[in-house]
Amino acid sequence: MSGSRLAGLELVRVSLPLAEPWDSGAGSFAVRDSLLVRAVVHGLGSDGRAAVAEGWGECPALPAPTYNSEYTAGAVAVSSTFLVPALLRAQPASWAQAASAMAAVRGHSMAKTAFEMALVDAWLRLEGDGVPMARYLARQASTEPRRTVPAGVAVGLCRDLGKLLAQVGDYVDAGYGRVKLKIEPGHDVAPLRAVRERWPHLVLFADANGAYAAGGVEGAFEQLCGLQELDLACLEQPLADDDLVGHSALARKLAVPVCLDEALSSVGALDAALQMGACSVVNIKAGRFGGYHEALRAYRACRAKGARIWCGGMVETGIGRAANLALAALSGFDLAGDISASGRFFAEDIAGPFPLLPGGTIAVPDGPGLGAQIYTEVIDRHCAWRKWWAT
Ligand code: MG
């Protein structure tokens, strides 16, 4: 925002124990090792007097490079060495200026996302009486933000069918109306069929995280054609990250809507995928595209091509989840995404609260910026490393 000055940036690395270990084809871990960014901005408040705002951001990269090439320690390195100095030098007053300051660094979309989130959070807190992030994003998409979004839960790989059904049953009982099962060869049609038989009306997704790449289109079709009778909302990323041609062929052959996640590492890749018919459903994950402004571009591209969209998750803490709620509040996110209530992943979260409301929804924060309460004492307790840079 004009007239503001970036006073400093802090990197905070936290190790947050999960309520239960997470297991998927894109990584397994029991502790969420996450990089947070705290931005301190000086500016003018609504009364014209000097004001200071603090913004928080979260890098959604996983602890190890098992989802994409980014990982927490790598994000700490690129942030400390390149992104923090570039931003402090540039003194950005708008997101476009921040993006331009970070543009010399290729890739590292998830690390850049954390800085975008922290700066936007701080700027929105200084603007007027404070603008909620959901309203800010909706303003740019010429729409009104929804007040609540449908919640969804992603269930990790579970090779014990009885245990899996008990887990899904707990989520259904809690009020979730959409469940996504992680699948891999040998653990796909049977568990999904069992869940479908037990809960005929549940909105059901399957996510393969590229696990069928080895067999190519024919192999994937052979292993997954049994899904066609299970009324799935979508099958996510069955083939390799770079296999748009294969996904396009599979999408023509398989009577289940194909959704892409890992393959869409940029808006350019999304445009190509939509053009080729490689997917009819898109998982919009801001961190994968390079931030929430890039996610807005992806949103517009999907709307123009009539692709169905939903907001993906990366086992984020409440900080990342607050930003995802703001994004998912845009009209058009009509499939429930990976946004779960506070207790889904962490026994003790660092921001919130996000309770599950009746009807299986979560309220979109309507306070300034991210709008979530940041539990700094919990951050301090789980902090593994932190460093502050002043301008
Ligand atoms: Mg996925």
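Residues take numbers from 1 onward in each chain, read along the sequence in its written order. Local features in a predicted model are, by the rule used here, given only for residues with pLDDT of at least 70; side-chain atom pairs are given and counted only at 80 or more, and totals for whole chains, interfaces and linings are based on all residues. As a rule here, side-chain values cover all heavy atoms of the structure and leave hydrogens and water aside.

Draft legend 1. Broad picture of the overall build of the chain. Each helix and strand in the chain was counted, giving 13 helices and 15 strands. In summary, the chain has a C-alpha radius of gyration of 20 Å against a globular reference of 21 Å for 391 residues, a match within 12%. The buried share of the chain, taken over its 391 residues, is 59%. Working rule for contacts: check all heavy atoms of both residues, and any pair within 4.5 Å makes them a contact. Contacts spanning at least 24 positions in sequence make up 73% of the contacts within the chain whose residues lie at least 6 apart. His is not counted, nor are the chain ends; Lys and Arg add positive charge and Asp and Glu add negative charge. For this purpose, a charge sits on NZ of Lys, CZ of Arg, CG of Asp or CD of Glu. The distance from the centre of the 35 positive side-chain charges to the centre of the 40 negative ones in the chain is 5 Å. For the purposes of this entry, the term helix denotes a DSSP run of H or I that reaches at least four residues, the term strand denotes a run of E that reaches at least two, and both are numbered from the N terminus. Here the radius of gyration uses the C-alpha set of atoms, whereas the globule reference equals 2.2 Å times the residue count to the power 0.38. The rule is simple: take the accessible area with a 1.4 Å probe, protein chains only, and divide by the maximum for that residue type; under 20% is buried, over 50% is exposed, in between is partly exposed.

Draft legend 2. View of the coordination of the magnesium ion. The donor set covers N, O and S atoms within 2.8 Å of the metal, switching to 3.2 Å for Na, K and Ca, and it leaves out water, so a site may look short of donors. The coordination sphere of the magnesium ion, as far as protein atoms go, consists of Asp-207 (OD), Glu-236 (OE) and Asp-261 (OD), spread over 2.2 to 2.4 Å. All donors to the magnesium ion come from one chain, and their sequence spacing reads D-x28-E-x24-D. Residue Glu-236 is found in strand β8 (residues 234-236), and its partner Asp-261 is found in the loop between β9 (258-260) and α9 (267-276); the two are separated by 25 residues along the sequence. Overall, the relative accessible area of 0% leaves Glu-236 in the buried class. Of the residues examined, Asp-261 reaches a relative accessible area of 0% and is grouped as buried.

Draft legend 3. Expanded view of empty space enclosed by the protein. Residues are called lining when one of their atoms sits within 4 Å of a cavity or pocket point, these points coming from a 1 Å grid over the protein atoms alone, where a cavity is a set in which a 1.4 Å probe fits but cannot get out and a pocket is an open set with protein on both sides within 12 Å along at least five of seven lines. Grid points are joined across faces, edges and corners, and a volume is the space filled by probe spheres set on the points. Using the criterion set out here, one finds four cavities of 30 Å³ or more in the structure. Taken as a whole, the largest cavity spans an internal volume of roughly 210 Å³. Of all the elements in the fold, those that place two or more residues in the lining of the largest cavity are β1 (5-24), β6 (178-182) and α12 (318-328). Roughly 70 Å³ of volume is contained in the second largest cavity. Taken together, 14 residues form the lining of the second largest cavity, with Pro-60, Gly-287, Tyr-292, Glu-316 and Asn-324 sitting closest to its centre. The dominant element in the lining of the second largest cavity, judged by the number of residues it contributes, is helix α10 (residues 286-289), at three residues. Grouping the constituent residues of the lining of the second largest cavity by class yields five nonpolar, five polar and four charged. All residues other than Ala, Val, Leu, Ile, Met, Phe, Trp, Tyr, Cys, Pro, Asp, Glu, Lys and Arg, Gly among them, are scored as polar; the first ten of these are nonpolar and the last four charged.

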